[in-house]
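What follows is the residue order along each chain.
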Amino acid sequence: MAREPGYKELPIGGLILEAGNAIRYKTGGWRTYRPQVDKDTCIECLQCWLLCPDCCIYAENEKMEGYDYDHCKGCAICAKICPAKCIRMILETDPRGMADERGRYHSKSKNSSSVIDSKR
Amino acid sequence: MNKVVALTGNEAAAEAMRQINPDVVAAYPITPQTELMHKFSDFVADAVVKTEMILVESEHSAMSACIGACAAGARVMTATSANGLAFMWEVVYIAASLRLPIVMTVVNRALSGPINIHCDHSDTMGCRDSGWIQLYGENPQEAYDNIIQAIRIAEHPDVRLPVMPTFDGFIISHTLERLEILSDEEVGKFIGAWKPVHPLLDIAHPVTYGPLDLQDYYFEHKKGQAEAMKRAKGVVLAVGKEYGALSGREYGFFEEYKTRDAEQIILCLGSASGTVKSVVDGLREKGRRTGVLKLRMFRPFPAEEILSAIGHAKSIAVLDRAEGFSGLGGPLFPEVRSALYGRSDAKVINYVYGLGGRDLSPEMILSVFDDLEEGRITDREAVHLGVRI
């Protein structure tokens, strides 16, 4: 691991002189519950993308394409707002089930055993 | 070219602020600072300064507005006293830790309670560890001179710390005295053009002020502050010398008054030193080798220089105009004794005096010199000078 800078090397006053660096601060480890999206019932309204406070929803070609788990804190705002009730929150400790690395799954396939009701 | 005027301490401070012409002043009135801001508000209302004056609802807001304005890129000043300073407390620390060169005059007044509006140093001594440079003035002349120098010290690239020039409430703030002031042009040239460092309003170079600073970085930032405070010593001397060349009044860390061959020395801050000097003059006529070291700069603390200046004395009395409630006396005393510890044979004793504006009479000072000469007082306990028993 690289050595952290010494006091003489830091900008004074705790200032951060570089813009747009929050991407390097990975907050995914804060999560207790992990969102997953059922792409069989998703209606592509993109309200989750609009309301996510950490810009963790991938939207490509106007379609919801899963989660940035490096930064998602598991706040569940996406699950709460989803009008199609297609986003569920599962415990981080639960197996991923059939979802891919961005948390997308298809409900026709087998589900994880510990699904949390998305209305919570 | 010096011009001779008659001003109170508050008027002298307001005059210095007028000549400095800061971009932003945010302040809230509190006795005995009120008159200073009244006077400066007149300058704003009469458009003789270009200052944006922000009238806030409290001192906490005053310092917060100063911090915001200074971070945004403005040259910022304010003033307060006693409970106003206490109410600012948390933001006073933040101004220093963000390394913002704000200059705040503090007109010294006793902290409540019981409520009291008169002079002691409990207010500024309370924030001695907040990371602000502190310069104590003896009279309206020094109040004026210190404020102008404070701008240069605060903004120096090796320092970048806020500065607190102080003077005694009522005793100095409301007393008319003769002093000499510089011309507006001289002051403008001396302080130089304001150069903001990392201003928030420079949108081409966005910066973050005040991010969360945890176990991995906070310590380094505090170390940076401590080192800047040490570097401030050299800057205070250089600025004091340059100011001397301009005005004829050179400033250092302290004034040595008849201390070179003195056997008994009093060390004190602020207006008391004038009275002590006159007592020393009287004693010198009688052949008693007495002197006074008037400390101007309390933060950073000039320990080595104090040792060199008074370490030769037989006995030293440290006069504190604040009670530390440690059971050992006031806040100035332990620092002076630490400076001398193991390197001087002087006996150092502590007197707490003048709390809540109680007068310090020449007779009291004489009694201190008598105590020192006769070795009457133990160095294990502070004396409360002039208190009724």
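Treat the numbers as computed from the prediction; the structure is a model and nothing was measured.

Caption draft 1: Fine view of the domain arrangement of chain B. Residues and elements named next belong to chain B. We note that the domain assignment places domain 1 (3-247) and domain 2 (254-384) within chain B. Summarising the inter-unit geometry, the C-alpha centres of domain 1 and domain 2 are found 28 Å apart. Contact with domain 1, which involves 27 residues of that partner, is made by 26 residues of domain 2. Both faces combined, the contact of domain 1 with domain 2 buries some 2100 Å², and carbon together with sulfur accounts for 56% of it. Joining domain 1 to domain 2, the criterion identifies six salt bridges. In this structure, glutamate 305 and lysine 233 form a salt bridge, with 3.1 Å as the shortest nitrogen-oxygen distance.

Caption draft 2: Main features of the pattern of salt bridges. Residues and elements named next belong to chain B. Scanning all chains against the criterion turns up 40 salt bridges over all chains. The residue lysine 294 makes a salt bridge to glutamate 255 at a minimum N-O spacing of 2.8 Å. With lysine 294 in strand E11 (residues 290-295) and glutamate 255 in strand E9 (residues 254-257), this residue pair connects regions lying 39 residues apart in the sequence. Of the residues examined, glutamate 255 reaches a relative accessible area of 27% and is grouped as partly exposed. Here arginine 299 ties to glutamate 335 by a salt bridge, and the two come within 2.7 Å at their closest N and O atoms.

Caption draft 3: Structural detail: the sheet that holds E11(B). Residues and elements named next belong to chain B. As summarised here, the arrangement of the six strands in space is E9-E11-E10-E13-E14-E15, forming an open sheet in which the pairing is mixed. Every interior strand has two partners, whereas the edge strands, E9 and strand E15 (383-384), have only one. Of the pairings in the sheet, the one linking strand E10 (residues 264-269) to strand E13 (residues 315-320) comprises four bridges and is parallel in character. If you follow isoleucine 266 over to E13, its bridge partner there is alanine 317. Against the sheet, helix H12 (residues 362-374) touches E10, E11, E13 and strand E14 (347-352), its axis set at about 135° to E10.

Caption draft 4: Spotlight on the packing of aromatic side chains. Taken as a whole and judged by the stated rule, the model has seven aromatic pairs over all chains. Summarising the aromatic geometry, the rings of Tyr136(B) and Phe298(B) are spaced 6.5 Å apart at their centres and angled 85° between planes, so their arrangement reads as edge-to-face. Of the two residues, Tyr136(B) sits in strand E6 (residues 133-136) while Phe298(B) sits in strand E12 (residues 297-299), which places them 162 residues apart along the sequence. When sorted by exposure, Tyr136(B) lands in the same class as Phe298(B), which is buried. Here the aromatic residues Tyr136(B), Phe298(B) and Phe301(B) are joined through ring pairs into a cluster of three or more. Looking at Arg102(A), its charged tip hangs above the ring of Tyr58(A), at a distance of 3.8 Å from the centre. Sitting over the ring of Phe43(B), Arg18(B) keeps its end group 5.9 Å from the ring centre.

Caption draft 5: How the structure looks around the environment of Ala82(B). Residue and element names in this part refer to chain B. Among the secondary structure elements, alanine 82 is positioned in helix H4 (residues 82-97). Looking at alanine 82, the relative accessible area reads 0%, which means it is buried. The sequence separation of alanine 82 and histidine 118 amounts to 36 residues, and the corresponding C-alpha distance is 9.5 Å.

Caption draft 6: Representation of the packing of helix H9 (residues 272-285) of chain B against H12(B) in the model. Residues and elements named next belong to chain B. Interhelical geometry of H9 versus H12 gives an angle of 60° and a closest axis separation of 9 Å. The angle between H9 and H12 falls in the class oblique. The interaxial crossing formed by H9 with H12 has right-handed handedness. Residues Thr275, Val276, Val279, Val280 and Leu283 of H9 form the contact with H12, whose participating residues are Pro362, Ile365, Leu366 and Phe369. Classifying every residue of the contact of H9 with H12 by side-chain character gives eight nonpolar, one polar and no charged.

Caption draft 7: Up close: a nonpolar patch on the surface. Residues and elements named next belong to chain A. A grouping of Trp49, Leu50, Leu51, Ile77 and Ile81 is seen on the molecular surface, where their side chains present a nonpolar patch of about 470 Å² in accessible area. At three residues, helix H1 (residues 47-51) tops the list of elements feeding residues into the nonpolar patch. Counting through the fold element by element, isoleucine 77 comes out in helix H2 (residues 77-81). Judged by relative accessible area, isoleucine 77 falls into the partly exposed class, the value being 37%.

Caption draft 8: A look at empty space enclosed by the protein. Residues and elements named next belong to chain A. Enumeration according to the criterion identifies three cavities of 30 Å³ or more in this entry. Put simply, the largest cavity is a space of about 110 Å³. Along the walls of the largest cavity sit 16 residues, with Cys52, Pro53, Cys72, Cys75 and Cys78 positioned nearest its centre. Considering only enclosed or pocket space, the second largest cavity measures out at about 90 Å³ in volume. What lines the second largest cavity is a set of 14 residues, and nearest its centre among them are Cys42, Cys45, Cys48, Cys82 and Cys86. Its residues assigned to classes, the lining of the second largest cavity shows 12 nonpolar, one polar and one charged.

Cut-offs used in this document
Residues numbered from 1 in each chain as written. Chains lettered and ligands numbered in written order. Predicted model: local features only at pLDDT ≥ 70, side-chain atom pairs only at ≥ 80, totals over all residues. Heavy atoms only, no water. Domains from an automatic or database assignment. Contact = heavy atoms within 4.5 Å. Buried area = accessible area lost by both parts, 1.4 Å probe. Salt bridge = Lys/Arg side-chain N within 4 Å of Asp/Glu carboxyl O. Helix = DSSP H or I, 4+ residues; strand = E, 2+ residues; numbered from the N terminus. Buried < 20%, exposed > 50% of the residue type's maximum accessible area, 1.4 Å probe, protein only. Pairing = 2+ DSSP bridges. Axes fitted to C-alpha atoms, helices over the stretch in contact; angles between N-to-C directions. Phe/Tyr/Trp six-rings, centres within 6.5 Å; stacked < 30°, edge-to-face > 60°. Lys NZ or Arg CZ within 6 Å of the ring centre and 35° of its normal. Parallel < 35°, antiparallel > 145°, perpendicular 65-115°, else oblique. Left-handed = near helix turned anticlockwise from the far one by under 90°. Nonpolar A, V, L, I, M, F, W, Y, C, P; charged D, E, K, R; others polar. Patch = residues over 30% accessible without salt bridge, like charges linked within 9 Å, V, L, I, M, F, W, Y side chains within 5 Å. Areas by Shrake-Rupley, 256 points an atom, 1.4 Å probe, with all protein chains shown as cover. 1 Å grid on protein atoms, 1.4 Å probe; cavity = no way out; pocket = protein on both sides within 12 Å on 5 of 7 lines; lining within 4 Å. Points joined across faces, edges and corners; volume = space filled by probe spheres on them.

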